[in-house]
Structure formats: structure tokens, C-alpha cells
Amino acid sequence: MHPTSRAFPENAHRALGDAILQQSLGIMMRQGFAVRRAKVVARLPEFEALREEARALKDHVLEHLDFYLETFERNVKARGGLVHWCRTAEEARATVLEICRAAGARTVTKGKTMIGEEIAINDHLEANGIKPVETDLGEYIIQIRREPPSHIVAPAVHLAKEQVAESFRRTHRHLDPARPLDEPRQMLDEARAILRQKFLAAEVGITGANILVAETGSSIIVTNEGNGDLTQTLPKVHIVLASIEKVVPTLEDATLLLRLLARSATGQEFSTYTTVSTGPRRPGDPDGPNDYHVVLVDNGRSALMGSEMQDMLRCIRCAACLNHCPVYGAVGGHAYGWVYPGPMGAVLTPTLLGIGEAAHLPNASTLCGKCESVCPVKIPLPRLMRHWRERAFEQDITPRATRWGLSAWAYLAERPPLYRLVSATAARVLGWLGRGHGRFRTLPLAGGWTSVRDMPAPEGRSFMSLWTERRR
Amino acid sequence: MSDARADILARIRDGLKRGPLDEERTDMLETLLASHVRSLVPDRAKTLDQGARIALFAAMAEEVDTTIDRVASMDEAPEAITRYLAQRNLPARVMVTPDPKLARLPWDRTTLEIGRGVAQDGDAVGVSACFAAVAETGTLMLVSGPASPTRNNFLPDTHIVVLGADEVVGFYEEAWDRLREAGAMPRTVNFITGPSRTGDIAQKLELGAHGPLRLHIVLVEHGAQARP
């Protein structure tokens, strides 16, 4: 998809005025994932200790990433699978297409994969005459609506049921136009019947991977619908799309992440289906794919190794940071303009698209710190967003007025006596000007602030003068 | 593409400001891998006797819409399955996996119509055996193999699993140990916690998204291993 991250302010403005989106976000933020997460976390006294262990595990893996990737590859091969290393999105797309062509694929079913969204695999397959069918219900809905996901776990969370019904009527034209589609149950039954036939017809199934296990050469997917399992069990070829940072050493290490993943993501103790896949079908197996391919995608991740951004490679894509973010909760995922929204997207998108493309995103945060406090692998997201703000400033990407303002403020902040003099004078002047109403309806240079609220006029003495007095 | 492999590994090492790991370091990591170090195991699942383990398993499973029926011996499982299907007006035709634990059950004592083998689209009820179950989260652990097709866990609308009480472990690490004792890693390990579900339309939870609408467990007090 073409990124629109540059237009974040306009996107956000539109989102704030979108009544249906606001209703969906309201349900999500008030009754959704975050509320359920709090309940299951309260039931697990070890949760905080597990977060710390997961952080340490991921850091250990990153420090030895070459070793664990080579071990993973060796064990995939030992069990009859193939590993394809891809430096870029382009290489990954070409690799997947080649495997699909070799399998004579006309239809490819897909489990939900964020790296698949990142490399835009669907567009590439379609352009080459192969039909990709998303099978996660949310992904299926946004695929037929030709929309990007608005959330990394619940891709269609922005939609109301009427919009889904309308899309189903438009797409499933072979069905009775007068059929009732008023309730989610009816729409689910319709999608289930249609997708069941796609599962059975597909020649290739593509899934992502939540975790790769080095000791066994396994890939692990986590779903609630079972779509990922039908995707990888029924076709004759299974392709796993995975980015390089997904690897962990052992099944025990995978267990540590699994104890955190569902709880952090959807507030479940465990997802309905957690599936560990190791190679193609064995002699004597009555089902399973004949071929098992792992497409290992770098796409900019190795460049983060050893940088201030390395912490971001711990991310397990649970979306807890989205679910708790006041900015995400106000504007939704599409405003961010690309694949990854919310705090994790505000950090990751600039690394993948460049800060020039995505400079607004790290600013779309109040730095309230809620994201870091719920992150299961303790990524310091506010610090990383601040880091991107600094890079944007250094590279002259920040708008001139903001730069000028920041420079002026920095000049004063570095000179405390001058700062106190200027701020005390400004407070006195504002206090005198506002002595009538006690507040300002408008203020020069602060129109964005006063357009939605009044600015109280300063009154009384400054904090510094009170502080000095009390210390005596 | 071999260049891609070399490039990616070189970039990782550049970032880490080192070359390939030396032999000593590699040996240390290999030892660490082989030692299967456990991280923190939740207290709720540790040091439980079999009764407490099964109680925890049942409580966690029922929380996520799994139904459980308890019988004393394996021989009672077919009748329990017949009862379950009749109570819910479900078809009395079941597709049973070729697992030996299920093959030797007295199916002829019931009026069920029995199919054996790989489930097809349209098979309404599937019956599977289980490798293990994890009390910690109320999760079943099924593994693929010549006698246990994976698709049987997903295609039927109703999935019935016959679980021996001795197959229930406390926590995941114990299940991994059992799997390693049993031999090579199977092609597929399915951890199943309740019936299939989705909240993707208007955030309303519905069961039976792509996998089974119902997950029913026949829990056998004197399970498969204990059988004389």
C-alpha cells in the first residue's frame, strides 16, 4: 500500500469527525482488550516477573541473533523444510511468487500476517495472476473492502456491522440479495461457508509466525478462529512468512512469550489455537503439506542491530500499546497511514519508511508512558519516539515554525536566570491583560490551544518565587 | 539467494560490532539450548496433585466454553459421546481418528454410526484422542501422526476429545518434557483452548469462526495408560 503517514494531521482530523469510527473506538477503549487484559493480569501474580524475563530473553536472542537464525535454519532443513533468506520486501515477494508458481497455484489462502502486509504480498500475487484469499475474518473483511488493517490484532475493529453487511452483499453476489444480514452471527456463518471452500481449493497456504523456535526449526502461530490451521494443513504447500527477530532458542522460551502474548493482546489466558509446525508431512501422516517453506525477511531489521532502535526488535506484535494509547484511541489505526499504527507503529514506521516519510508519527503521542508500562517485553516506546523527534529535528524535517520555537525555548532553558526573567515578565503581563475575565479566549501563537478551550490567566506569584521563600 | 543469507548475517554482526562467534561461545550457546532452561512457571500450576490438577484444568477449560463430561473408564466413552450428541440434537454419525486408544473402545455398544480416518468437509462430528492437556490454561495438546490427522481437529462443527486423567499435566514445560520423551518432534502440535471464536465483526464474540463451534471433552478418570 502507498503510505499516507505524511498526511497524519489531515488523516487524524478526518478520523475525529468520523462518527462510526469514533463509536467503534469507544467500544474498544471502554470495554475491549485493555479491560480484559487488566483482568487476566490481576489473576497472574507472576506477570511482572514474566515481563522482565521476556525482556531478558529477547535481548539475549538479539545479542546472538546470527547463531539462533543459523540454528533455526539447520533444524528446518533437518526436518525436510526450506529456508529462504530475503534482504528486502522485493526479494521476499519474488520468493513467495516463485514458490506459488512452482506449485501451480491459482488460489492462495492466507492466515493473518503483518509482515505480509509490510511487504504487500497480496498486491504482488494479484498482479501476477494468483488470487490471495485472506481467511482471518477481520482480514477478509478489509480485503474485500480494499482497506488496510486499522489494528495489528483486530484489523477490522474500526467497522460497524452495517458496513460489513454492505460489503458482504456487494461481494457475495451469488447469494440471495434478500437474505438477512443484521447480526454478526449471520455474517460469520456466511463468511465461514464461503471461506471453507477456499481452504479446500487452495494450492498454497501462507501464514505468518508469532515465534520461530531454533532448537526444533518450528514456526508457531496463534489464532482464535482456526483459520491459520486450515490455511497450513489443507494445501499441499505451506509458506511461513517471518521476520528475522521472531526466533527464540527453545520451546520453553516460546512458552514464556506465549504466557504473555494472549494476555497482553486480547486479555485471554491463552489464545484458542496455538500451533507448532515443524517441516512438511512425515511418512505415514494422513495430512499436512508436502512442502514447508520459511521465508525469512530482513527488510531493514538488521540495520537496527546495535542502534538505539534495537529495543524495538523485541516487539511481539501484541498491540497492547495500541489498546492503551490515548492517541490511537482517538484517531484509530488508519490515520497513521501505513501498516503499523499506535506507539509501536510510531517507532517502527520511521525505521522502515524513513523519518522523512513518517516524521509526524513519533509526535502523535503525549509521551504519557502507558504503552511502555503495558509492553510485555518492556520496550521503552516513549524514549524511542523522543529519539525519532530528535532525529527529525537534526535532519531539518521538523517544520520551520516548530524548529524556531524549539530553538528559542532551548536558548532560554539553557540560561536559567534569563528563563526566570522572561517567564516572570510574561506571567505578569498575561496576568495584567487577563485581570478582567481571568482567562483568554484567544492568544497569539496559541490558536491551536485556545480554539477548543480557554487559557487561564496567570495569577499570584510564580512557583520559583514561592519555592525560594519556603526554603528560607 | 545465498548472498542474501551472507549479507543478512554480516549486517547483524556489523550491528553487534563483532565477527562470527568463536567456538567457545558457540559451545556455550549449544549447551544452553540443550538444557531447556525453564523460565518462571505460574504458581497456580505448580506442585498440584492429580485431583487439583484436573480441577484446575476443568475450571480453566469451562471458562472458555469447553464442555466436560466425566466417566470412570475408557469403555464408557462411546456411551457418553452418544448421550452428549443426543442431548444437543446433533447427528449420531462421528468421524473417529484411527488412534489405537479410540479403536479399541466398545463402539458397538452404541447406535452411533462410526467413520474412521481423515475428516472431510461435511463431517459434522469428530472424535480425537489427546496427547496431553495443560491445567494451567485448560488447554488440550494434540499431535499429528499416522493415527491422528490434524484436519480432524478443525473441520467438524463439533469436536469431541477423549482425555485420560493421567494425560493432564500442570504446566506447559511438563508437556514439552512428555513430548521429548515420546520421540521426534511431530509435524504439528495443536494446543486447543476452547472452541473456535472471533470478535472481528463489531467486536461481538461469536463461537465457531472457522474451526469447531463446540469443543467437548470426555474426561476418563482411569485413562488410557491406566487401562489394564
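Conventions and cut-offs
Residues numbered from 1 in each chain as written. Chains lettered and ligands numbered in written order. Predicted model: local features only at pLDDT ≥ 70, side-chain atom pairs only at ≥ 80, totals over all residues. Pairing = 2+ DSSP bridges. Helix = DSSP H or I, 4+ residues; strand = E, 2+ residues; numbered from the N terminus. Axes fitted to C-alpha atoms, helices over the stretch in contact; angles between N-to-C directions. Contact = placed C-beta atoms within 7 Å. Expected span 1.5 Å × (residues − 1). Buried ≥ 20, exposed ≤ 12 C-beta atoms within 10 Å, placed from the backbone. Arc of directions from axis to C-beta. Core = buried A, V, L, I, M, F, W, Y, C linked by C-beta atoms within 7 Å. Domains from an automatic or database assignment. Nonpolar A, V, L, I, M, F, W, Y, C, P; charged D, E, K, R; others polar.

Draft legend 1. Representation of the sheet that holds strand β10 (residues 291-297) of chain A in the model. Residue and element names in this part refer to chain A. Sheet architecture is open: six strands sit in the order β1-β10-β7-β4-β2-β3, paired in parallel fashion. A strand with exactly one partner marks an edge of an open sheet, and here the two such strands are β1 (82-86) and β3 (131-134). Recorded for the sheet is a direction-independent mean angle of 25° between the axes of neighbouring strands. Pairing analysis gives seven bridges linking strand β7 (residues 237-243) to β10, with the strands arranged parallel. When the bridges of β10 are listed, histidine 238 appears paired with tyrosine 292. Strands in contact with helix α6 (residues 89-102) are β1, β2 (107-110), β4 (204-207), β7 and β10; relative to β10, the strand with the most contacts, it is inclined by about 170°.

Draft legend 2. Structural detail: helix α3 (residues 50-63) of chain B. Residues and elements named next belong to chain B. With 14 residues, α3 ought to run about 20 Å at 1.5 Å a step, and its terminal C-alpha atoms sit 20 Å apart, in line with that. For α3, every residue scored as buried is listed here: Arg53, Ile54, Leu56, Phe57, Met60 and Ala61. Axial view of α3: buried residues confined to an arc of 160°, hence all on one face. Opposite the packed face of α3, turned more than 90 degrees from it, sit the exposed residues Gly51 and Ala59. As for α3, its buried residues are in contact with β1 (67-73), β5 (132-134), β8 (168-169) and β12 (214-222). Two residues or fewer past α3, aspartate 65 is found with a positive phi of approximately 75°.

Draft legend 3. Quick peek at the nonpolar core. Judged by nonpolar contacts, the single largest core of 186 residues is most densely connected at Cys130 and Met141 of chain B. Of all the elements, helix α13 (residues 251-265) of chain A adds the most residues to this core, at nine residues. Ignoring any residue separated from it by four or fewer positions in sequence, one finds methionine 141 of chain B in contact with Cys130, Phe131, Ala132, Ala133, Val134, Ala175, Val189 and Phe191 of chain B.

Draft legend 4. The domain arrangement of chain A, seen in detail. By the assigned domains, chain A splits into domain 1 (32-302) and domain 2 (401-471). Inter-centroid distance (C-alpha atoms) of domain 1 of chain A to domain 2 of chain A is 52 Å.

Draft legend 5. Spatial organisation of the interface of chain B and chain A. Contact residues are listed per partner, giving 62 residues for chain B and 80 residues for chain A. Secondary structure elements with two or more residues in the side of chain B that touches chain A: α1 (2-15), α2 (23-34), α6 (172-182), β9 (188-192) and β10 (197-198) of chain B. With nine residues, α1 of chain B is the largest single contributor of residues to the side of chain B that touches chain A. Residues that form the side of chain B that touches chain A fall into these classes: 28 nonpolar, 19 polar and 15 charged. Bridging between strand β9 (residues 273-277) of chain A and β9 of chain B involves five bridges; their strand directions are antiparallel. Along β9 of chain B, the bridge assignment pairs tyrosine 273 of chain A with isoleucine 192 of chain B.

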